[in-house]
Amino acid sequence: EQWYYLRFWEPRETVNLFSLIRHEREDVAGLLHPRDQVPIRAIYAPIGGSLFKISSRTDCDVEKAPFILTAEKRAGLGRQQQDRFAHEFGEKLFGIAPHHFQRLGLANADPVVEMIETVAKNCRDKGFVHRNEIAKIATMSAFFGTCFLQDARVQPLAESCLYQSK
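Residues numbered from 1 in each chain as written. Predicted model: local features only at pLDDT ≥ 70, side-chain atom pairs only at ≥ 80, totals over all residues. Heavy atoms only, no water.

### Looking at the overall build of the protein chain
Note the threshold: We count a stretch as a helix when DSSP gives it H or I for four or more residues in a row; a strand needs E for two or more, and each element gets its number in order from the N terminus. We call two residues in contact whenever any of their non-hydrogen atoms come within 4.5 Å of each other. Here the open area of atoms and residues is found with the Shrake-Rupley method and a 1.4 Å probe, where only the protein chains shown may cover a residue.
From N to C terminus, the protein chain includes seven helices and two strands. Secondary structure elements in the protein chain, listed N-terminal to C-terminal, are α-α-β-β-α-α-α-α-α. Taking the contacts inside the protein chain whose residues are at least 6 apart along the sequence as the reference set, 55% of them involve residues at least 24 apart. Split by element, the accessible area of the protein chain, about 11100 Å² in all, is 53% carbon and sulfur.

### Focus on a nonpolar patch on the surface
Keep this limit in mind: Residues form patches when they are more than 30% accessible in relative terms and have no salt bridge. Like charges link within 9 Å. Nonpolar side chains (Val, Leu, Ile, Met, Phe, Trp, Tyr) link within 5 Å. Salt bridges are defined as contacts in which a side-chain nitrogen from Lys or Arg sits within 4 Å of a carboxyl oxygen from Asp or Glu. Three labels apply to residues, based on accessible area from a 1.4 Å probe with only protein chains included: buried if under 20% of the type maximum, exposed if over 50%, partly exposed otherwise in between.
Judged by side-chain polarity, F143, F144 and L157 come together as a nonpolar surface patch covering roughly 270 Å² of accessible area. The topology assignment puts L157 in helix 7 (residues 155–162). You can call L157 partly exposed: its relative accessible area is 37%.

### Things to note about the confidence of the model for the protein chain
As a reminder of what qualifies: The pLDDT score gives, residue by residue, the confidence of the prediction method on a 0 to 100 scale.
For the protein chain, per-residue confidence averages 78 on the pLDDT scale, and 84% of positions sit at 70 or higher. In the model of the protein chain, helix 7 stands out as the element of lowest mean pLDDT, 70, in contrast to helix 4 (residues 98–103), which has the highest, 92.

### Digging into the nonpolar core
What counts is decided by this rule: For the purposes of this section, nonpolar cores are sets of buried Ala, Val, Leu, Ile, Met, Phe, Trp, Tyr and Cys residues that join through side-chain atoms within 4.5 Å.
F89, L93, F101, V112, M115 and I116 are the most contacted members of the largest nonpolar core, which has 24 residues in total. When residues of this core are traced back to their parent elements, those giving at least two are helix 3 (71–96), helix 5 (110–125) and helix 6 (131–144). Per-element accounting of this core gives the leading share, seven residues, to helix 5. Residues contacting L93, with those up to four places away along its chain left out, are F101, V112, M115, A138, T139, A142 and F143. With 11 residues, the next largest nonpolar core counts V28, I54, F67 and L77 among its residues.

### Looking at the packing of aromatic side chains
The criterion, for reference: Aromatic pairing here means that ring centres of Phe, Tyr or Trp (its six-membered ring) are within 6.5 Å. Orientation follows from the plane angle: under 30 degrees is stacked, over 60 is edge-to-face, and everything else is tilted.
The tally for this structure, following the rule as stated, stands at three aromatic pairs. On the numbers, 5.6 Å between centres and 10° between planes, the contact of F85 with F89 is stacked. Taken together, the positions of F85 and F89, both in helix 3 and four residues apart, correspond to about one turn of that helix. Measuring from centroid to centroid gives 5.7 Å for F94 and F101, while their planes differ by 25°, and the two rings are stacked. Overall, the relative accessible area of 15% leaves F94 in the buried class.

Printed below as a string of structure tokens:
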């Protein structure tokens, strides 16, 4: 058995966690109504201009087993973080160079977000997993094309930007 640190009290992580387990009665009961402890009636999570309330009635039918953050749940949380990163960074990148993207015929950030998701998947296959690495590659892909790493003309630039964080 291995224990993991989960910052469940941070608003965004709380919402991510409960959106992941919302259909799992045992998990919700284990987290909000731990055995032999006072139940948590509600968790409030302010994110941006929204306030999320997470609550559950005490479910007598469900055995209150301890909540365990399994590898599957950690992977689900990781995917949610990657999706959020792609969306937020795509919006930011589109906002930084709107004229560049307009020349490419893009009216909004949606295609940029899709490009970042594709680049992130390809980066993971090559061993780049950190957000700063993916952000650098995605930015270069936005300006040089998604296959820029194969272009000999940009090799010095790619190497200087990609490997300085190592």
